[in-house]
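# Structural characterization, general
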Amino acid sequence: MKKFAVTTVNIGEGSDFIPKLIAIVESKSQATNAALNYLKCECNEIEDQTGCEMLIDDVHLHAADTYGMCAIQMNIQEIKLDVTISTI
């Protein structure tokens, strides 16, 4: 089964750079929408907490403040899921 995985990585200062799975969806457009929605929500939260304005790059699915202290990178990857049903 072909699907698309959406992941995010905090690449800001002091980050552990560990990716986080956000969604597994059916199409590239659904993945792009999920990534942009997540990015916008995270940016709003960061702006509320720190007062730093986050700039979103819709094309590269990236956001950062002007100093690079807070930064988020989204990734979309095509994946293949195999489902096996087992009866015990």
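All figures in this text were calculated on a predicted structure; none of them were measured in a lab.

Scoring rules and cut-offs
- The residue numbering used here restarts from 1 in each chain and proceeds along that chain's sequence as written.
- Per-residue local features are limited, in this predicted model, to residues with pLDDT of at least 70; the limit for side-chain atom pairs, both in listing and counting, is 80 or more; totals at the level of whole chains, interfaces and linings are taken over all residues.
- Heavy atoms from the whole structure form the basis of all side-chain values; hydrogens and water molecules are not counted.
- A cavity, in this analysis, means grid points on a 1 Å lattice covering only the protein atoms where a 1.4 Å probe fits yet has no way out; a pocket is instead an open set bounded by protein on both sides within 12 Å along at least five of seven lines, and a residue lines either one if it has an atom within 4 Å of a point.
- Grid points are joined across faces, edges and corners, and a volume is the space filled by probe spheres set on the points.
- Helix and strand definitions here come from DSSP, where helices need a minimum of 4 consecutive H or I residues and strands a minimum of 2 consecutive E residues; each element is numbered from the N-terminal end.
- Strands are labelled as partners when DSSP assigns at least two bridges between them.

## With respect to the layout of surface pockets
Its volume calculated, the largest pocket comes out at about 150 Å³. Taken together, the elements giving at least two residues each to the lining of the largest pocket come down to strand 1 (2-10) and helix 1 (28-50).

## Considerations on the pairing of strand 4 (residues 62-65)
When strand 3 (residues 54-57) meets strand 4, the two strands line up antiparallel, connected through four bridges. Pairing of L55 across the sheet is with A64, part of strand 4. Linking strand 3 to strand 4, which pair antiparallel, is a turn of four residues; within it L61 sits at a positive phi near 50°. Across three bridges, the pairing between strand 4 and strand 5 (residues 71-80) is antiparallel. Within strand 5, the residue paired with H62 across the bridge is Q73. Connecting strand 4 to the next strand, strand 5, in antiparallel fashion are five residues, including G68 with a positive phi near 80°.

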